[in-house]
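What follows is each chain in one-letter form.
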Amino acid sequence: MDHHDDHGHDHHDEPSYLVYGKEKGMAAFLKGWFVTVDHKRIGILYLISVLFFFLIAGMAALIVRTELMTAAPDMLTGDQYNIAFTLHGGIMVFLVIIPLTPAALGNFVLPLMLGAKDVAFPKLNLASLYVYWTGAALLVYAVLGGGFDTGWTFYTPYSTQAVGPVTWALLGAFTLGFSSIFTGLNFIVTIHKMRAPGMGFFRMPLMLWALYATALTQLLATPVLAITLALVVMERIMGVGIFNPELGGDPVLMQHFFWFYSHPAVYIMILPAFGIISELVSVHSRKRIFGYGAIALSSVSIALIGFLVWGHHMFVSGQSELSGVVFSFLTFFVAVPTAIKIFSWVGTMWGGSIRFNTPMLYTLSFLFLFLIGGLTGLFLSTMASDVHLHDTYFVVAHFHYVMASGAVISFLGGLHHWWPKMFGTMYNETLGKIGALIIFIGFNLTFFPQFVMGSRGMPRRYHEYVPEFESLHWMSTIGSYVLAAGLFLVMFYLLYALFKGPKAADNPWGAVTLEWETATPPIEHNFHHTPVCVRGPYDFPEIDESLGKGHH
Amino acid sequence: MATPKNVSHSAGGSHAGEPHEHITPLSVYLGVFGALMVLTVVTVVISELGIPEPWNLVVAMIVAITKASLVCSVFMHLVWDKRLNTVVLLGAVFFMLVFFTLTMVDLLSRGMVDEINDQDVMLEEQKAVWQSCMDEKQDWAACKDKLPKGYWFKDPNYVEDHGGGHGGDHAKDDHAKDDHAKDDHAKDAGGH
Amino acid sequence: MANAHAHDPNRPAWVAHFFQSGEQQIESAKFGMWLFLAQEILFFSGLFMAYVAFRWLYPETWLAGADQLDKVMGGINTVVLITSSFTMALAVRAAQTKNPTALKINLLLTILFACGFMVVKYFEYTHKFHLGIFPADHYAYAGSTGLMPVFFAIYYCLTGLHGIHVVIGIGVLAWLLILAQKGRFMDGNYVLLENVGLYWHLVDLVWIFLFPLLYLVK
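A quick note: this is a predicted structure, and the numbers were derived from the prediction, not measured.

Observations concerning the overall build of chain B
- In terms of helices and strands, chain B carries 7 helices and 0 strands.
- Looking at chain B as a whole, 37% of its 192 residues qualify as buried.
- Considering only contacts in chain B between residues 6 or more positions apart, those separated by 24 or more positions represent 56%.
- Within the structure as shown, chain B displays about 10,700 Å² of accessible surface, and the carbon and sulfur contribution to it stands at 64%.

Here you go:
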């Protein structure tokens, strides 16, 4: 593995960011981690928090799936079931998937990839972590206070009238929004102002383009969620009637407000995933990315077009037919930049020297599964078919294919890719491959039957159903156990690797982006001297010239 | 880089390395302040002129946007700052307008397609209740309970604006009120 | 954090170690503030959206509701806020021209005008409460027409949220005054002052739109 400078190995006997301060005693250690402004430590704390809530929300999902194994409601009452799926959705969306890649991986990787020593506003970064924890505490309080059953979407009029700790949940989500906004703000400024010398916008790794597009969305969309939730709270505690038809209000207006954020939110979830895949597909095919410019600009296009399409969640809500047609039309546009990416990634692999290691297996899973998820989105954006598919399991399967396979599987790929850099150890590669395979199988077994049952009319959010769907549900539940087993396997071998894994090489993948130029794990200040960027992010030194296909 | 017009002069070595920024002349600030005061008066005056809807709103917004532009470009320094900051501001405004526009596309076109008769019946019921409320000069609290549950599409005073005269509609509404009074009770008994 | 690297003698002490120069730090700070203002605009936009929707739906109600608002008080508040924006701009200018007295006086004036705004608001609100025009559930105004409670729901939400921003602004400005008292902002690093100024101007901007939209509906 060659480096164009050897600063990265010049340790000056400086300890890595993980242990810095440990030798000074427990008080200093705690202070060093909980009052840190080091983006790497903040990233690790986010990682732990997010994975913890992933576990909780995953357990809720297993409860839901177990109830659904049989057509009769034999495990939970209707109310309990509603609470279970609301818990799963609410925690997954607000506490896990939205912060997943930007906060847990992005915080760690972004300044390193830029060649910067930290983000632009490190204290704001710490604040965003604490705001996240505060929002999490409020949501947990709502859960412990009896749970809420409005669905994570908090539609009026039910959410304004439901008895229970809904207000606490709304306040929790409101708070979490600000954590997201602060992270986005920080990333935008860092990317604009703190790139290493020689790194123009079009020499940035595509992960950064993805995080940039995500940050734009986080900044602009999330405040509208905040005001929406605030208005629902106002309606609950004071009877302000903006969404209440009895007082002249309009409940569908709340859906406009809500989805104006929540649609761009799904791009917050997926754009960073696209960034990870760009990195992984290029490094593990050892080939320059195909269509760099197209991928970079398509990321920003998706972010921008994503603001125009929210009404496709509302085709049957009571909004006018004309606006349904308008939103349907606009939604088709957002598929185009996404497809461009898929073509580019496949084009990258073509003629490359592909290594079937764990990150690559996750990448291949993503490409296959996200393609299915994305294509099924077309059925949903077509108003005529959506009328039949809305509120069925088809929608559930669609968004799990794009979110769970999209965001989660790519996150796992990214975690395995950057693991050596973050922790300095290596995980067991065999177990890694097995885990990836089990997750792929479990995922498909869980969610593919749901497309079938949805298209046959199985409604979502129902805890009892007609017996015709039982075999498909049974298959889906078994699949969820397989998926859970795969995820637990990953958790176990990663925990083992964290504490007992063999020391990792400085750059086990031979990547050439700047984060691999530093020590593994990095020192506290990332770089001793600001690196200078002299080549593109995927200019592998020994690209096979003879192929003639590698130059784009 | 911002092109400095009035560069602050470093007074000696201790200020070396300080970034140079444009200092706005006092006269410019005073001028803008004066303009804002004048425009505030203009805002009030034109509201008294009785310009018909919706142009009164358009004119008011033009004045407000002018004032806002003065504040942004001079007080907030955007004219002399990096252009990126202006892009940020305009970007936020753009997305806000996207929000307004697409939502209003929905609200403005509701009921355009004549789908279910029930909607018109409900609308007539609501108009009837409001009309009786206004006629009997009852106050808000008493009226609220008489309203049938359902969507509102138009201001109840809409009755007067749209032809049919007061008397004609009134007669129809009395009928509507009587016929549907029983329906309301039935609904209340059966519904939630 | 301790900066382990050699200082460029031209690099002022207030530049953080992860920035390459004071210029970069200041530009980043200002850019970050503009991004924050962008999200504030989107935050208010929810309420403006509700305004647009309901004004279109209930035009007569809007006329009746606006009639209940005191244009004189609204006008006074507009003048007060614009003046406070002016003094804020002058405060920043004082830091640029290294004039500590002007800085403190203008900061103090801005705070006083802001407090004046809140005093007028207090009188406006209490007058309405006296008439029974409370927000939402407690609405009990005998002279209502149409759907005036909706108008007032939006009125209270918009002016309330704006008022909260004014109060926060007063707090932050007071803190800045204390810092100015200690001699801050005289060394070329006054971006914090500028950024608070930007926030304050945004508060003024929101009111510039609220005044004609709420008070001057004819």
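Once the structure has been displayed, the description carries forward.
Focus on empty space enclosed by the protein
Residues and elements named next belong to chain B.
- Per the counting criterion, the structure on display carries 8 cavities of 30 Å³ or more.
- Quantified by volume, the largest cavity comes out at close to 150 Å³.
- A per-element tally of the lining of the largest cavity places helix α2 (residues 55-75) first, with 4 residues.
- Here the lining of the largest cavity is built from residues that sort into 9 nonpolar, 4 polar and 2 charged.

Topic: the interface of chain B and chain C
- Contact residues are listed per partner, giving 63 residues for chain B and 63 residues for chain C.
- Here chain B packs against chain C, burying approximately 5,700 Å² in sum over the two surfaces, 73% of which is carbon and sulfur.
- The tally of links between chain B and chain C comes to 3 salt bridges.
- A salt bridge links D81(B) to K30(C); its shortest N-O distance comes to 3.1 Å.

Details of the layout of surface pockets
- Its volume calculated, the second largest pocket comes out at about 1,400 Å³.
- If you trace the second largest pocket, you find 38 residues lining it, with F121(A), K123(A), L124(A), L192(C) and N195(C) closest to the centre.
- Classifying every residue of the lining of the second largest pocket gives 27 nonpolar, 8 polar and 3 charged.

Notes on helix α6 (residues 166-193) of chain A
- With 28 residues, α6(A) should cover 40 Å at 1.5 Å per step; its first-to-last C-alpha distance of 41 Å lies within 8% of that length.
- Of all the 28 residues making up α6(A), 25 are buried; the element is thus mostly covered by neighbouring parts of the structure.

As for the environment of N125(A)
Residue and element names in this part refer to chain A.
- Along the polypeptide, N125 turns up in helix α4 (residues 122-144).
- Put simply, N125 and G184 are 59 residues apart on the chain and 9.9 Å apart in space, counted from C-alpha to C-alpha.
- Every residue in contact with N125, bar those within four places of it in the chain, is listed here: H39, I42, N107, V119 and N186.

Section: the side chain of E67(A)
All names here are of chain A.
- For E67, the position within the fold is in helix α2 (residues 39-67).
- No salt bridge is formed by the buried E67; the nearest opposite charge belongs to R65, separated by 9.9 Å.
- At a separation of 2.7 Å, a polar atom in the side chain of E67 contacts the main-chain amide nitrogen of L76.
- Ignoring sequence-local partners within four residues, the contact set of E67 consists of A72, P73, D74, M75, L76, Y81 and H463.

Remarks on unusual backbone geometry
- Looking along the chain, the bond that leaves T156(A) and enters P157(A) is cis, with omega of 0°.
- Note on placement: P157(A) falls in the loop between α4 and α5 (158-161).
- A positive phi angle, close to 45°, is found at R286(A), a residue other than glycine.
- Take R286(A): it is sitting in the loop between α8 (251-284) and α9 (292-305).
- Although it is not a glycine, F185(C) sits at a positive phi angle of roughly 75°.
- As for its position among the elements, F185(C) is in the loop between α5 (148-181) and α6 (191-215).
- The buried category is assigned to F185(C), whose relative accessible area is 1%.

Focus: the nonpolar core
- Residues W345(A), F366(A), F75(B), F54(C), L107(C) and L193(C) are the most contacted members of the largest nonpolar core, which totals 289 residues.
- If one sorts the elements of this core by residue count, α8(A) sits on top with 21 residues.
- The residue makeup of this core includes at least three contributed by each of domain 1 (24-76) and domain 2 (82-109) of chain B.
- Once residues lying within four places of it in the same chain are set aside, the contact partners of F75(B) are Y29(B), V32(B), F33(B), L36(B), L70(B), I82(C), S85(C), F86(C), A89(C) and H201(C).

Criteria and cut-off values
- Residues numbered from 1 in each chain as written.
- Chains lettered and ligands numbered in written order.
- Predicted model: local features only at pLDDT ≥ 70, side-chain atom pairs only at ≥ 80, totals over all residues.
- Heavy atoms only, no water.
- Helix = DSSP H or I, 4+ residues; strand = E, 2+ residues; numbered from the N terminus.
- Buried < 20%, exposed > 50% of the residue type's maximum accessible area, 1.4 Å probe, protein only.
- Contact = heavy atoms within 4.5 Å.
- Areas by Shrake-Rupley, 256 points an atom, 1.4 Å probe, with all protein chains shown as cover.
- 1 Å grid on protein atoms, 1.4 Å probe; cavity = no way out; pocket = protein on both sides within 12 Å on 5 of 7 lines; lining within 4 Å.
- Points joined across faces, edges and corners; volume = space filled by probe spheres on them.
- Nonpolar A, V, L, I, M, F, W, Y, C, P; charged D, E, K, R; others polar.
- Buried area = accessible area lost by both parts, 1.4 Å probe.
- Salt bridge = Lys/Arg side-chain N within 4 Å of Asp/Glu carboxyl O.
- Expected span 1.5 Å × (residues − 1).
- Lys, Arg positive; Asp, Glu negative; His and termini not counted.
- Polar contact = N/O pair within 3.5 Å; in protein donor to acceptor, adjacent residues only side chain to side chain.
- Core = buried A, V, L, I, M, F, W, Y, C linked by side-chain atoms within 4.5 Å.
- Domains from an automatic or database assignment.

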